[in-house]
Amino acid sequence: MPEAKKIIAVVGATGSQGGGLARAVLADRDGPFALRALTRDPGSASARGLAAAGAEVVAADLDDEASVRAAFEGAYGAFVVTNFWAPRPEADVRRRTAARMEREQAGNAARAARAAGLRHLIWSTLEDTREVLRGGDGQMPVPVLEGDYTVPHFDAKAEADRLFTAEGVPTTFLRTTFFYEAFLQGMGPVRAGDGTLVLTLPLAGAHLAAIASEDIGRTALGVFRHPELIGGTVSIAGAHHTGAEIAGLFTAALGEKVVYRPASLDEYRASGAFAADEVANMFAYYVRAADTFTGDRDLDAVRALNPGLQSLPDWLAQHAKEVVR
């Protein structure tokens, strides 16, 4: 009789990171894992699609600890991700910051994982930026946001790391990075008034570590295959490129010259772009911590966990023309 597959409960299975893992598990038909897809809306088209592909789909909400505990019951492991940028009802926005939401949701997941006796949990997280950005490196400190943070969507996740440790949950801390998909959401080249395509990033000459969101989930599947990584941190990326190199890759993919323009942080903060203060602080961190941040993201090590890891040229071959409208 064949051995029963180990159930992986995937939070956000209809989203980008969780969806990548969900698809990777379903594609690995002869692998050791079965998918339990957690979603707030099992009746959505995405959830129905996962069910049709062979997933067990269950309703769970990270703001409802009991629902997460029930969804984790009987599973071998879980992938947990929170969404700082998720649209929320106005009443919830008034009640708590997005950083507090992430901490609370992570705490619910950690307690649920302990109660359910999970044997391996992967927590999608990021570095704490505050030590670098508060001026301790001799540079000017950046503006403080949401009370005590410099890059809240990084720092709150980093704070939440300790919640899983405190609950004794066997956890691998999966540190992500800038998504290639951000180039589809306003960060890509823009046509200037003279017709030139210009890539404007507050990156100076530093390298940007970036990854396709789909590869976060695919790499998480590789981590589940390596239980010796429990208790450790795995930092991931699919590419390390300077702004000028990224512009060159766009040029090659589009067949049209793309010029890199390194904006200052103050220019970016004044640009009116979405979450400009926070994104400017994020890029300040990418620049000031560049050697450590990219150094921790060994592309060969990531590729060993995820042999199909997409380079930026791989991704641009499929998506570059979606960037310029």
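Everything discussed here concerns the structure shown above.
Summary of the structure given here. Here the structure is a predicted model, which is why all the values come from computation and not from measurement.

### Observations regarding the nonpolar core
Formed by 44 residues in total, the largest nonpolar core has its most connected members in Phe-178, Phe-183, Met-187, Phe-283 and Tyr-286. Broken down by secondary-structure element, the contributors of at least two residues to this core are β9 (197–201), β10 (207–211), α9 (243–254), β13 (258–262), α11 (276–288), α12 (290–295) and α14 (312–323). Broken down by element, the residue count for this core peaks at eight residues, all from α11. For Met-187, the residues in contact, after removing those within four places along its chain, are Phe-178, Ala-182, Leu-199, Leu-201, Tyr-268, Val-279 and Phe-283. Core analysis: the second largest hydrophobic core is formed by 29 residues, Val-10, Val-81, Ile-216 and Ile-236 among them.

### Notes on the side chain of Ser-124
Structurally, Ser-124 can be placed in strand β5 (residues 120–125). There is a polar contact of 2.6 Å between the side chain of Ser-124 and the side chain of Gln-17. Once residues within four sequence positions are removed from consideration, Ser-124 is found in contact with Gln-17, Phe-79, Val-80, Val-81, Lys-157, Leu-174 and Thr-176.

### Concerning the packing of aromatic side chains
Tallied over the entire structure, the rule returns 14 aromatic pairs. Seen in terms of ring centroids, Phe-183 and Phe-250 are 5.5 Å apart; in terms of plane orientation they differ by 85 degrees. Their pairing is edge-to-face. Of this pair, Phe-183 sits in the loop between β7 (178–179) and β8 (190–191) while Phe-250 sits in helix α9, and the two are 67 residues apart along the sequence. The same class applies to Phe-183 as to Phe-250, namely buried. Three or more aromatic residues joined by ring pairs form one cluster here, namely Phe-154, Phe-178, Phe-183, Phe-250, Phe-283, Tyr-285, Tyr-286 and Phe-293.

### A few points about empty space enclosed by the protein
The full count for this structure, using the stated rule, is one cavity of 30 Å³ or more. The space that makes up the largest cavity amounts to roughly 40 Å³. Elements supplying a minimum of two residues to the lining of the largest cavity: β10 and β12 (239–242). By residue class, the composition of the lining of the largest cavity is seven nonpolar, one polar and no charged.

### Considerations on the sheet that holds β5
Ordered by their spatial adjacency, seven strands build an open sheet running β3-β2-β1-β4-β5-β6-β11, and the pairing between neighbours is parallel. At either margin of the open sheet sits one strand with a lone partner, and together these are β3 (56–59) and β11 (233–235). Sheet twist, expressed as the average angle between the axes of neighbouring strands with direction ignored, equals 20 degrees. Across four bridges, the pairing between strand β4 (residues 77–80) and β5 is parallel. Looking across to β5, one finds that Ala-78 is bridged to Leu-121. Its contacts with the sheet put helix α8 (residues 213–224) on β1 (6–11), β2 (33–39), β4, β5 and β6 (171–175), and the angle it makes with β5 is roughly 150 degrees.

Cut-off values and rules
Residues numbered from 1 in each chain as written. Predicted model: local features only at pLDDT ≥ 70, side-chain atom pairs only at ≥ 80, totals over all residues. Heavy atoms only, no water. Core = buried A, V, L, I, M, F, W, Y, C linked by side-chain atoms within 4.5 Å. Buried < 20%, exposed > 50% of the residue type's maximum accessible area, 1.4 Å probe, protein only. Helix = DSSP H or I, 4+ residues; strand = E, 2+ residues; numbered from the N terminus. Contact = heavy atoms within 4.5 Å. Polar contact = N/O pair within 3.5 Å; in protein donor to acceptor, adjacent residues only side chain to side chain. Phe/Tyr/Trp six-rings, centres within 6.5 Å; stacked < 30°, edge-to-face > 60°. 1 Å grid on protein atoms, 1.4 Å probe; cavity = no way out; pocket = protein on both sides within 12 Å on 5 of 7 lines; lining within 4 Å. Points joined across faces, edges and corners; volume = space filled by probe spheres on them. Nonpolar A, V, L, I, M, F, W, Y, C, P; charged D, E, K, R; others polar. Pairing = 2+ DSSP bridges. Axes fitted to C-alpha atoms, helices over the stretch in contact; angles between N-to-C directions.

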